[in-house]
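# Structural overview
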Amino acid sequence: MKERLQKILSARGVASRRKAEEMIQNGLVTVNGTVAALGDSADPDTDEILISGKPLPQQEKYIYILLNKPRGYVTTLSDEKGRKNAAQLVADCGVRVYPVGRLDMDSEGLLLFTNDGEFANKLMHPKQEVEKTYQVWVTGYHPGSEIVLSKSITLDGYTIRPPKVKLLWSDGQKAKFLVTIHEGRNRQVRRMCEAAQLHCTRLRRVKEGSLTLGDLPLGKWRYLTGEEVNNL
């Protein structure tokens, strides 16, 4: 069955779909001896697909990993500043996997990895509206801050849906919230705190969709069960 080339490359673990598009645009992909163009389709079972002259890898078994990401690790697969990468923490899974979404360097908690490009794209697509829940520690708290934090605001020209905010505890100007959002804008929760005149001192993702972080130790990972994948 024919599929878009970038989808095939992503599914075979060659690169993310975006990187695969760049490889096609740079003329690195050929189909039956002809340099491919962005938008081309092919059948991986019948067509000869080469990447930089090398055959397309065989279909890998899809794996799905949950990592408890520590602070101090970037999520991008390559970093020009040479900072520690979250992918290094799951490298011992034996398969090249990619992060599903991001957690910024100063954030921690639940982060998914997979070599299933279609699964990742579906999970990250805005129409899925997969809820994400965070534990949020702040300073600058005052009574009523949780009401301000739960209001809808506009980020990058996009108006977010009102988040769910629960105050877990407060001590003077310090407080801890449980915040659930429907989107995944860049540094969204931190920017929501700024808009509410709060300073986020710690951010930990504990839930994504039906999946919870549980008691997984910091810096460790585990495979998702088939039921967990299906529920996502």
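Everything numeric in this text was worked out from a predicted model, so none of it was measured.

### Let's talk about the side chain of Asn68
By the secondary structure assignment, Asn68 is in strand β7 (residues 64-69). Apart from residues no more than four positions distant in its own chain, Asn68 is found in contact with Gly109, Arg204, Leu213, Leu216, Pro217, Leu218, Gly219 and Lys220.

### Some details on the nonpolar core
Counting 31 residues, the largest nonpolar core has Phe113, Val136, Leu149, Phe177 and Leu198 as the members making the most contacts within it. Elements that contribute at least two residues to this core include exactly β7, β9 (108-114), β10 (132-139), β14 (174-181), α5 (188-195) and β15 (199-208). By residue number, the principal contributor to this core is β14, which donates four residues. Counting residues in hydrophobic clusters, the runner-up holds 16 residues, among them Ala15, Ala20, Met23 and Ile24.

### Some details on the confidence of the model for the protein chain
Here the protein chain shows a mean pLDDT of 91. Residues at 70 or above account for 98%. When the elements of the protein chain are averaged for pLDDT, helix α3 (residues 117-124) gives the smallest value, 83, and β10 the largest, 98.

### A few points about the environment of Ile51
Positionally, Ile51 belongs in strand β5 (residues 49-51). Its relative accessible area of 10% is what places Ile51 among the buried residues. Here the alpha-carbon distance between Ile51 and Gln25, two residues 26 residues apart in the chain, equals 12 Å. The residues contacting Ile51, other than those within four sequence positions of it, are Leu9, Val14, Met23, Leu28, Val29, Leu56 and Pro57.

### Let's talk about the sheet that holds strand β6 (residues 54-55)
Here we have four strands laid out as an open sheet, ordered β3-β2-β5-β6, and antiparallel in their pairing. The open sheet terminates on both sides in strands that have one partner only, identified here as β3 (34-35) and β6. Pairing of strand β2 (residues 29-31) with β5, which is carried by three bridges, proceeds in the antiparallel orientation. When the sheet's bridge partners are listed, Val31 is paired in β5 with Ile49.

### Details of the packing of aromatic side chains
For any two aromatic rings, the description comes down to two numbers: the centre-to-centre distance and the angle of the planes. In the structure shown here, the tally under the stated rule is three aromatic pairs. Ring centres of Tyr64 and Phe119 lie 4.9 Å apart, and the angle between their planes is 70°; on these two criteria the pair is classed as edge-to-face. With Tyr64 in strand β7 and Phe119 in helix α3, the pair connects residues that are 55 residues apart, well separated along the chain. Against the face of Trp137 rests Arg202, its NZ or CZ located 4.3 Å from the ring centre.

Calculation criteria
Residues numbered from 1 in each chain as written. Predicted model: local features only at pLDDT ≥ 70, side-chain atom pairs only at ≥ 80, totals over all residues. Heavy atoms only, no water. Helix = DSSP H or I, 4+ residues; strand = E, 2+ residues; numbered from the N terminus. Contact = heavy atoms within 4.5 Å. Core = buried A, V, L, I, M, F, W, Y, C linked by side-chain atoms within 4.5 Å. Buried < 20%, exposed > 50% of the residue type's maximum accessible area, 1.4 Å probe, protein only. pLDDT = per-residue confidence, 0-100. Pairing = 2+ DSSP bridges. Phe/Tyr/Trp six-rings, centres within 6.5 Å; stacked < 30°, edge-to-face > 60°. Lys NZ or Arg CZ within 6 Å of the ring centre and 35° of its normal.

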